[in-house]
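Examining the three-dimensional arrangement
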Amino acid sequence: MLYKAITLQRGKESSLERFHPWVFSGAISRYAPDIEEGDLVSVYSHDGRHLGNGHYQIGSIAVRLLTFDDRTIDTAFFLDRVTDALRVRQALGLMRDDNNAFRLVHGEGDFLPGLVVDIYAGTAVVQAHSPGMHFARLQIADALMQLPGAGLRNVYYKSETTLPYKAHLDPENQYLVGSYDTDVAMENGLQFHVDWLKGQKTGFFVDQRENRCLLEHYARNRRVLNMFCYTGGFSFYALRGGARLVHSVDSSAKAVKLTNDNVELNFPGETRHEAFAEDAFKFLDAMERDAYDLVILDPPAFAKHKSAIKNALVGYRRLNAKALEKIAPGSILFTFSCSQAVSKEQFRLAVFSAAAQSRRRVRILHQLTQPADHPINIYHPEGEYLKGLVLYVE
Ligand code: SAH
């Protein structure tokens, strides 16, 4: 099917011909006169060749391509895409009795730009990042409920903070299908409450699953500091891994409560764990030397946009330097950046500067990234966002 037309300037079709799913506003020469934000559009080259269909949005990324042919975008289209996505998660072995939390749809990585779907114990939490996906939310919910083998009972829509504010869409967070039944999900045999109603993102950071598993293997007999703990994911893996003590820190009192609740859920009466509602930098300043020998630094994205990269890199350097200066000899440091705008090389350089500043001997043991249920569309390398280093510090 063909939709309202968007025509590109001469020569601007080449990235689409290589299946890059974005059209920048600067590449467009003509818009259909009645075009509105969130519309389905058909994109054409300057000489009238149809290049694909997608969602139109006001801003620097003007179109997010859903197809590179003339396929109609309807419930059947979404069902095909989520069926493909589920097949990948099944192949990854993420749907098990002891694991029912995973990302089903990761935007461009699953050929659905602008859409994120996380699954928690039979509830799908849907986030639209584009007005077009917001308008398609009922078709998406329908497709999810028809998805064979997914066993979904509820679909919760949570886009109040992810849609462009200027679009005035007033997306109300709400159940599109079903209602609340349980908020306890399981990851690798560990349980956690997911607060999709009020929590950050979809309620849990599924993207650290594999990195938390790795941490578990290093935790035995160590004194662990989980900085920026949010719901405490790294903390309960460390406890299961046999840590001597685990301290969780987050500036949000709500996060600290969630962490405590989750520790209690998995390890009732646990005495090795304590959580503190404090600013990371203040905590590190006040921290005694040699108090910890396994530290996790998983801060929020310091650079949300390209313009903020410089300050973000200073932030990463300062944060890592503070930890490196004080952790005990023979320590392990898990350090992350989830800023899409900061490259792997830039982040590594910031950590290198921090190491040099602390004058410690440091080895890189692992270079970490996002897990396979956050796949990267090979034509859209921008989808790689999570970077981590595991360091051995003497
Ligand atoms: N490691 C977590 C995810 C971290 S998200 C996990 O595995 O689930 C980032 C967290 O950093 C948020 O919970 C936020 O409340 C917290 N945060 C933001 N700024 C902070 C600061 N200055 N000091 C401490 N915590 C902060």
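Residues numbered from 1 in each chain as written. Predicted model: local features only at pLDDT ≥ 70, side-chain atom pairs only at ≥ 80, totals over all residues. Heavy atoms only, no water.

**Describing the site of the ligand**
Condition: Proximity is defined per residue: any heavy atom of the residue falling within 4 Å of a molecule or strand makes that residue near it. Each polar contact in these results corresponds to two N or O atoms within 3.5 Å; when the atoms are within protein, one needs to be able to donate a hydrogen and the other to accept it, and residues that are neighboring in sequence are counted only if both atoms are side-chain atoms. The Shrake-Rupley method, run with a 1.4 Å probe, gives the accessible areas here. Residue values count only the displayed protein chains as cover. Nonpolar residues are Ala, Val, Leu, Ile, Met, Phe, Trp, Tyr, Cys and Pro. Charged residues are Asp, Glu, Lys and Arg, and all others, Gly as well, are polar.
Near the ligand, the surroundings consist of 15 residues, among which Arg212, Asp250, Asp279, Ala280 and Asp298 are the closest. Within the backbone of Phe228, an N or O atom sits 3.1 Å from a nitrogen atom of the ligand. Alone, the ligand offers 590 Å² of accessible surface; in the complex the protein occludes 89% of this. Its residues assigned to classes, the shell around the ligand comprises seven nonpolar, three polar and five charged.

**Here's the deal with the side chain of Ser248**
Our working definition: Every helix listed is a DSSP run of H or I at least four residues long, and every strand listed is a run of E at least two residues long, numbered separately from the N terminus. Here, residues are in contact when the closest pair of their heavy atoms is within 4.5 Å.
Counting through the fold element by element, Ser248 comes out in strand S15 (residues 245-250). Within the structure, Ser248 has its side chain in polar contact with the side chain of Ser235 (distance 2.6 Å). Separated by 2.7 Å, the side chains of Ser248 and His273 make a polar contact. If sequence neighbours within four positions are ignored, Ser248 has contacts with Asn226, Cys229, Ser235, Thr259, His273, Glu274, Ala275 and Phe276.

**Details of the packing of helix H5 (residues 209-218) against helix H6 (residues 233-240)**
Rules: Fitted lines through C-alpha atoms serve as axes, helices being fitted only where they are in contact, and the angles separating the N-to-C directions of these axes extend from 0 to 180 degrees. Orientation categories follow fixed angle ranges, with anything under 35 degrees roughly parallel, anything over 145 roughly antiparallel, 65 to 115 roughly perpendicular, and all other angles oblique. Two helices crossing with the near one rotated counterclockwise from the far one by less than a right angle form a left-handed crossing, whereas a clockwise rotation gives a right-handed crossing.
In the contact formed by H5 and H6, the axes pass within 8 Å of each other and the chain directions differ by 30°. Taken as axis vectors, H5 and H6 run roughly parallel relative to one another. The interaxial crossing formed by H5 with H6 has right-handed handedness. Facing H5, whose interface residues are Arg209, Asn211, Arg212, Cys213, Leu215 and Glu216, H6 presents Gly233, Phe234, Tyr237, Ala238 and Arg240. A class-by-class count of the residues in the contact of H5 with H6 yields five nonpolar, two polar and four charged.

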